[in-house]
Amino acid sequence: MQKKMAYSFPDEVLEQVFSFIQSDKDRNAVSLVCKSWDEIERWCRRKVFIGNCYAVSPRMVIRRFPEVRSIKLKGKPHFADFNLVPDGWGGYVLPWIAEMAGAYPWLEEIRLKRMVVTDESLELIAKSFKNFKVLVLFSCEGFSTDGLAAIAASCKNLRELDLRESEVDDLSGHWLAHFPETCTSLVSLNISCLRSDEVSFSALERLVGRCPNLRSLRLNRAVTLDKIANILRRAPQLVDFGTGYYAAELQPDVFSNLAGAFSSCKELKSLSGFWDVVPAYLPALYSICPRLTSLNLSYATIQSPDLIKLVSHCPRLQRLLVLDYVEDSGLEELASSCKDLQELRVFPSDPFGAEPNVSLTEQGLVAVSLGCPKLRSVLYFCRRMSNAALVTIAQNRPNLTRFRLCIIEPKTPDYLTLEPLDVGFGAIVEHCKDLRRLSLSGLLTDHVFEYIGTYGKKLEMLSVAFAGDSDLGLHHVLSGCESLRKLEIRDCPFGDKALLANAAKLETMRSLWMSSCAVSFGACKLLGQKMPKLNVEVIDETEPPDSRPESCPVDKLYIYRSVAGPRFDMPPFVWTMDEAVRILH
Amino acid sequence: MCMELQLGLALPGSDTWSRPLLKLGLYEDINVNRKKRGFDHGYLEDEFSAASFKNYEKGLVGWPPVETWRRKKLRCQVHNHMTAAENGYCGGRASNSSYVKVKMEGVVIARKIDISIHQSFETLTTTIMTMFDIFSHFPFIFGSVEENRRSFKLTYQDKEGDWLIAEDVPWRTFVRSLKCLKLIRSRG
């Protein structure tokens, strides 16, 4: 007995030790050691990340972790970004706020992604959490500037308000004036998504001027070029800046004012915004370019020569987002100038055009893979690709962790050999042993999935479209990819067999999305019946799935593991396959 | 089993149009050898790849996978660029109306089309043809979609009131001087 006591620490000591453990995975591991560690750990866990808001209920979270200060929630599946998830599907945050309002009065941080947030939710946040500091609404919707006004007015210690990529009902720009004069705590403000032409500029200027710790400021398009200089002069300590409108008639005094304002920002490392760029104003940035590590020009419709000039001034660039106006020539310049580049995203300027409007091909990506030894993350839209290019990229850059390639026309073969791109993507998964995220495109057979299942052992997220020949493809992925958490598939001939044979795998993943595939309604019901820990949702906007024969394929299928059981906030076009073979609606 | 081969030449937005590939019988576990295809497969797959993927913006939901907000922002810009080019420089907010009237020969009711979201005559013509239901009213038994598209001509009335053939002038000129559009059948 005494021997055992000598080996155990008092709770306070353990708590102190645990406070150094920040990562969720490690915290989860700690709680599995023994009952007493679990008990201690849960009382001192301050941060919770819930990757799927329907995987667990608010009450369950509160019961287990009573002293949370920071919560991060994700709602809709990723394909919602591309209009594949109908409006009204779900992802409402109000139930969470309502429960937390009572249970976590000291909550400081709420970070949401792809959730429906209402003004009511925002008002409840403003009212309930006296020490509220951080609100991040990433790709959210359902709220207006009225809700923002409530937050601004009530949250006395607000540090971060980040509305990136959210859809906000812009009722008035005057919400900014609701920040009291006593509010000086802002560190980060991102209002780039706001449409309102009348962002109360004077309120914004005053707010920026009285927050000495402001590090990150992203403006919206309403802020014109001449006003940018004023803002910058009030916040020379900025590290991250998103411009508004970057266009105006070229006037020497406006230019020199702007250039001066930029050069006074000695800490500025990251730039974004750049809507409607007049290239003649880009040299105003040259003084800060040598320090820039992140540049988002993905809205800047400027041509390759101007892009090349700008990029060649930024030798420390680590992250570049750009439109395909950059062209192969621009990427070649990037490869020779920016040896620190880690992340590249090239977006299409004319995604629906029939013919290529720019000279951007696989060559640009090959050049960057050769010239940038630290390149880890790629998102690339182009119109042609070859197996040879993919193999070269894979061999050049085995350190890739994220590789997302979108060849714009579905089922495009290798343009040189007219073969499928199986071998090329196979090389990517084979050589890039730490690959965590992969998006496929082009002409692909079941073979590519065989490669992925064999080599993609660290793969966590896979996106598939218009690929494969049969269930074998899906089977390879589900049976081979040990680390798979998220799988999203559209328009592939994958059906019941692979899904049912690998049903147990689905409990080890966060979610599976399949739309326009060949999974039958009968299989969905069976899965729902046999797997109580999975929520099997069938989405169909045209008619109920049981109005057709069971063998008919469902339109959209979303399967996710959950300890909360089926949800009850579904719209009329979503059906949950319950274990009791009731079709809940 | 629902295995019918549906020709799927209906209007966009309807079930058949948005999933042309599935209607080709891909539900079966067939090993489609892409080099040897039956006439049906070859014919239909070509039609769909030509029409729906290349030329038809609304044919495929969510493809290419560009986020909705990004598409919207880019659309605003393209429009501003065009009107700004007319005004001589970039700057200021352009008016929101980029809609022009479109008529079709023999059809009483005119439609309206948002010119700012187009950047080529091909996408514009195909969109207009679909608007007027041409794909379902004129079955393409002979020739490809491309050939049938060429049996129609897009004409426009410019600011001076003259009727001109759209593809005779560069896109930018066309957009700048465009007042209204009319789709007519090609003669000869």
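Calculation rules
- Residues numbered from 1 in each chain as written.
- Chains lettered and ligands numbered in written order.
- Predicted model: local features only at pLDDT ≥ 70, side-chain atom pairs only at ≥ 80, totals over all residues.
- Heavy atoms only, no water.
- Helix = DSSP H or I, 4+ residues; strand = E, 2+ residues; numbered from the N terminus.
- Buried < 20%, exposed > 50% of the residue type's maximum accessible area, 1.4 Å probe, protein only.
- Contact = heavy atoms within 4.5 Å.
- Axes fitted to C-alpha atoms, helices over the stretch in contact; angles between N-to-C directions.
- Parallel < 35°, antiparallel > 145°, perpendicular 65-115°, else oblique.
- Nonpolar A, V, L, I, M, F, W, Y, C, P; charged D, E, K, R; others polar.
- Phe/Tyr/Trp six-rings, centres within 6.5 Å; stacked < 30°, edge-to-face > 60°.
- Left-handed = near helix turned anticlockwise from the far one by under 90°.
- Pairing = 2+ DSSP bridges.
- Salt bridge = Lys/Arg side-chain N within 4 Å of Asp/Glu carboxyl O.
- Right-handed = clockwise from strand over helix to strand, strands pointing away.
- Patch = residues over 30% accessible without salt bridge, like charges linked within 9 Å, V, L, I, M, F, W, Y side chains within 5 Å.
- Areas by Shrake-Rupley, 256 points an atom, 1.4 Å probe, with all protein chains shown as cover.
- Lys, Arg positive; Asp, Glu negative; His and termini not counted.
- Charge placed at Lys NZ, Arg CZ, Asp CG, Glu CD.
- UniProt positions renumbered as here; feature names shortened; annotations may be inferred.

Colleague: Just checking my understanding: could you explain the overall build of chain B for this structure?
Modeller: Along its length, chain B carries seven helices and five strands. Residues counted as buried form 46% of the 188 residues belonging to chain B. A sequence separation of at least 24 residues applies to 51% of the contacts in chain B between residues at least 6 apart.

Colleague: Quick question: what am I supposed to make of helix H16 (residues 422-431) of chain A here?
Modeller: Side chains that are three or four residues apart share a direction in an α-helix, a result of its 3.6 residues per turn. Counting buried positions over the 10 residues of H16(A) gives seven, a clear majority of the element. Buried residues along H16(A) sit against helix H15 (387-396), strand E16 (402-407), strand E17 (437-439) and helix H17 (446-455) of chain A.

Colleague: Please clarify how the packing of H15(A) against H16(A) should be interpreted in this entry.
Modeller: Each pair of packed helices can be described by the angle between their axes along with the distance between the axes. All names here are of chain A. Where H15 meets H16, the closest approach of the two axes is 7 Å, and the angle between their N-to-C directions is 5 degrees. Judged by the angle between their axes, H15 and H16 are roughly parallel. Touching Asn 387, Leu 390, Val 391, Ile 393, Ala 394 and Gln 395 of H15 are Asp 422, Val 423, Gly 424, Phe 425, Ala 427, Ile 428 and His 431, all from H16. Within the contact of H15 with H16, the residues separate by chemical class into eight nonpolar, four polar and one charged.

Colleague: Looking at this structure, how should I read the packing of aromatic side chains?
Modeller: Here the distance between the centres and the angle between the planes together describe a pair of aromatic rings. One pass over the full model with this rule turns up 21 aromatic pairs over all chains. Ring plane angle 45 degrees and centroid distance 5.6 Å describe the contact between Trp275(A) and Tyr299(A), whose orientation is recorded as tilted. Pair noted here: Trp275(A) is in the loop between strand E11 (270-272) and strand E12 (294-297) and Tyr299(A) is in the loop between E12 and helix H12 (304-311), with a separation of 24 residues, a long-range link. Ring geometry for Tyr156(B) and Phe174(B): centres 4.9 Å apart, planes at 90 degrees, overall edge-to-face.

Colleague: So what exactly am I meant to see when it comes to the packing of helix H9 (residues 201-209) of chain A against helix H10 (residues 225-234) of chain A here?
Modeller: All names here are of chain A. It is the contact of H9 with H10, at a shortest axis distance of 8 Å, that shows an interaxial angle of 25 degrees. Between H9 and H10, the angle is such that the two are roughly parallel. Seen along the crossing, H9 lies across H10 with a hand that is right-handed. Seen from H9, the contacting residues are Phe 201, Leu 204, Glu 205, Arg 206, Val 208 and Gly 209; seen from H10, they are Lys 227, Asn 230, Ile 231 and Arg 234.

Colleague: Which parts of the structure should I look at to understand helix H18 (residues 471-480) of chain A?
Modeller: Residue and element names in this part refer to chain A. For H18, a buried count of seven out of 10 residues is recorded, marking the element as mostly surrounded by other parts of the structure. Buried within H18 we find Asp 471, Gly 473, Leu 474, His 476, Val 477, Leu 478 and Gly 480. Looking at the buried positions of H18, the neighbouring elements they touch are H17, strand E18 (461-465), strand E19 (486-490), helix H19 (496-501), helix H20 (503-506) and strand E20 (511-515).

Colleague: Got a minute to help me understand the sheet that holds strand E4 (residues 163-165) of chain B in this structure?
Modeller: In sheet architecture, strand pairing relies on hydrogen bonds along the backbone and comes in two forms, parallel and antiparallel. All names here are of chain B. The five strands are arranged E2-E1-E5-E3-E4 in an open sheet whose pairing can be described as mixed. Of all the strands in the sheet, just strand E2 (111-114) and E4 have a single pairing partner and so form its edges. Strand-to-strand twist across the sheet, computed as the mean angle between neighbouring axes with direction ignored, equals 35 degrees. Bridge analysis of strand E3 (residues 152-158) against strand E5 (residues 178-185) gives seven bridges, and the strand direction is antiparallel. Bridge pairing in E5 links Gln 157 to Cys 180. Strands strand E1 (99-104), E2, E3 and E5 of the sheet are contacted by helix H4 (residues 121-131), whose axis makes an angle of about 150 degrees with E2.

Colleague: Is there a simple way to think about the environment of Ile407(A) in this case?
Modeller: Here Ile407(A) shows up in strand E16. Relative accessible area serves as the criterion here: at 0%, Ile407(A) is assigned to the buried category. Between the alpha carbons of Ile407(A) and Leu443(A) there is a distance of 9.5 Å; along the sequence they are 36 residues apart. Setting aside its immediate chain neighbours within four residues, Ile407(A) contacts Cys382(A), Arg383(A), Arg384(A), Met385(A), Thr412(A), Leu421(A), Ser441(A), Gly442(A) and Trp63(B).

Colleague: Which parts of the structure should I look at to understand the side chain of Ser177(B)?
Modeller: Residue and element names in this part refer to chain B. Looking at the secondary structure, you find Ser 177 in helix H7 (residues 171-177). Using a relative accessible area of 18% as the deciding quantity, one classes Ser 177 as buried. Look past the residues within four positions of Ser 177 in its chain and what remains in contact with it is Tyr 156, Gln 157, Asp 158 and Lys 159.

Colleague: Whenever I open this one, the pattern of salt bridges confuses me. Can you help?
Modeller: When charged atoms on two side chains of opposite charge get close, those side chains can pair. Residues and elements named next belong to chain A. Scanning the model with the defined rule gives 29 salt bridges over all chains in all. Among the salt bridges present, the one from Lys 457 reaches Glu 482, with a minimum N-O distance of 3.9 Å. Here Glu 482 lies in the loop between H18 and E19 and Lys 457 lies in the loop between H17 and E18, a separation of 25 residues in the sequence. Judged by its relative accessible area of 30%, Lys 457 is partly exposed. Since its relative accessible area comes to 60%, Glu 482 is described here as exposed. Between Lys 525 and Glu 550 there is a salt bridge, with its nearest N and O atoms 2.4 Å apart.

Colleague: Just to check I follow, could you spell out the pairing of E12(A) for this structure?
Modeller: Consecutive residues of a regular strand have side chains that alternate between opposite faces of the sheet. All names here are of chain A. Of the two faces of E12, both are covered, the one formed by Ser 294 and Asn 296 as well as the one formed by Leu 295 and Leu 297. As paired elements, E11 and E12 share two bridges and run parallel to each other. Looking at E12, one finds that Leu 271 is bridged to Leu 295. Inspection of the sheet shows E12 paired to strand E13 (residues 319-323) by four bridges, in the parallel sense. Pairing of Ser 294 across the sheet is with Arg 319, part of E13. A crossover connection joins E12 to the parallel E13 through H12; in handedness this β-α-β unit is right-handed.

Colleague: For this particular structure, what's the right way to read a negative patch on the surface?
Modeller: Residue and element names in this part refer to chain A. Residues Glu 120, Glu 123, Asp 146 and Asp 169 make up a contiguous surface patch of negative charge. Relative to the elements of secondary structure, Asp 169 occurs in strand E7 (residues 167-169). Asp 169 sits in the partly exposed class, given a relative accessible area of 46%.

Colleague: What exactly am I supposed to notice about the UniProt feature "domain: F-box" (unreviewed entry) in chain A here?
Modeller: UniProt records the feature "domain: F-box" (unreviewed entry) for residues 9-50 of chain A in the present numbering. For residues 9-50 of chain A, the end-to-end C-alpha separation is 31 Å, with 62% helix and 10% strand making up the annotated structure.

Colleague: So what exactly am I meant to see when it comes to unusual backbone geometry here?
Modeller: Glycine aside, residues mostly have negative phi angles, and peptide bonds mostly take the trans form. Residue Pro64(B) follows Trp63(B) across a cis peptide bond; omega there is -5 degrees. As for its position among the elements, Pro64(B) is in the loop between helix H2 (39-55) and helix H3 (68-87). Positive phi is not limited to glycine here, since Ser516(A) has a value of about 55 degrees. Inspection of the secondary structure assignment puts Ser516(A) in the loop between E20 and helix H21 (521-530).

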